[in-house]
Amino acid sequence: MNPELSCVDESGKAAVFGPLKDGFMFETSTGLSRMLLSSPTCPVLEALGKKLSFETAFGLNGRCWVHAAAPRIVIIVANALMNSETLSGTQQRIMVEKLLEKISD
């Protein structure tokens, strides 16, 4: 059995990264995975990270993993990531702002 998502550094070595425990894994397009791994930081990740605490891992095969202290945060982050694929950077930031406004009510 091959791993669906393994955590390695930029040189392809496991380094100090460990197994991805708990959290939620889902599939996206490889294009979205590349966008989420891009540098500078993807706008949706940057906007979410300013207000929420969570961990992510992305594979070039389209697998994404999200972990947070509360299941509610995992769902919010996963949905925002999946919905960001066809949005521009500005649209991603606006989407996150509106999403965060709705959950703070």
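I will try to describe carefully the structure that is included in this document. Just so it is clear, the model here is predicted, and its values are computed rather than measured. (Residues numbered from 1 in each chain as written. Predicted model: local features only at pLDDT ≥ 70, side-chain atom pairs only at ≥ 80, totals over all residues. Heavy atoms only, no water.)

1. As for the overall build of the protein chain
Note the following rule: Secondary structure follows DSSP: runs of H or I at least 4 residues long count as helices, runs of E at least 2 residues long count as strands, and numbering of each begins at the N terminus. Contacts are assigned to residue pairs with any non-hydrogen atoms lying within 4.5 Å of each other. Working definition of accessibility: Shrake-Rupley area with a 1.4 Å probe, residue cover restricted to the visible protein chains.
Check the secondary structure of the protein chain and you find four helices and three strands. When the helices and strands of the protein chain are placed in sequence order, the string is β-α-α-β-β-α-α. Of the contacts made within the protein chain by residues no fewer than 6 positions apart, 60% connect residues no fewer than 24 positions apart. Here the protein chain has roughly 6900 Å² of accessible surface; of this, 53% comes from carbon and sulfur atoms.

2. Some words on the nonpolar core
The line we're drawing: The set of buried Ala, Val, Leu, Ile, Met, Phe, Trp, Tyr and Cys residues whose side-chain atoms join them within 4.5 Å is what this entry labels a nonpolar core. A simple rule labels every residue: compare its accessible area, found with a 1.4 Å probe on the protein chains alone, to the largest value its type can have, and call it buried under 20%, exposed over 50%, or partly exposed in between.
If you look at the biggest cluster of nonpolar residues, it comprises 24 residues, and the most contacted ones within it are Leu36, Val44, Leu48, Leu52, Phe54, Val77 and Leu81. Among the secondary structure elements, those contributing two or more residues to this core are α1 (30-37), α2 (43-51), β3 (63-67), α3 (71-83) and α4 (89-104). With seven residues, the top contributor of residues to this core is α3. The residues contacting Val77, other than those within four sequence positions of it, are Leu48, Leu52, Phe54 and Val66.

3. Notes on α4
Residues that lie three or four places apart on an α-helix share one face, since the helix turns once every 3.6 residues. The line we're drawing: A helix is expected to reach a length of 1.5 Å times the quantity of its residues less one. This arc is built from the directions going out from the helix axis to the C-beta atoms.
With 16 residues, α4 ought to run about 22 Å at 1.5 Å a step, and its terminal C-alpha atoms sit 23 Å apart, in line with that. Among all positions in α4, only Gln92, Met95, Val96 and Leu100 are buried. Across the axial projection of α4, the buried residues extend over an arc of 130 degrees, all falling on one side. Turned more than 90 degrees from where α4 packs its buried face, Lys98, Glu101 and Lys102 sit exposed.

4. Details of the pairing of β3
For the record, the criterion: Think of it this way: DSSP has to see at least two bridges between two strands before they count as a pair.
Along β3, four of the five residues are buried, which leaves the element largely enclosed by surrounding structure. Across four bridges, the pairing between strand β1 (residues 24-27) and β3 is antiparallel. Looking across to β3, one finds that Met25 is bridged to Trp65. Bridging between strand β2 (residues 55-58) and β3 involves four bridges; their strand directions are antiparallel. What sits directly across from Glu55, in β3, is His67.

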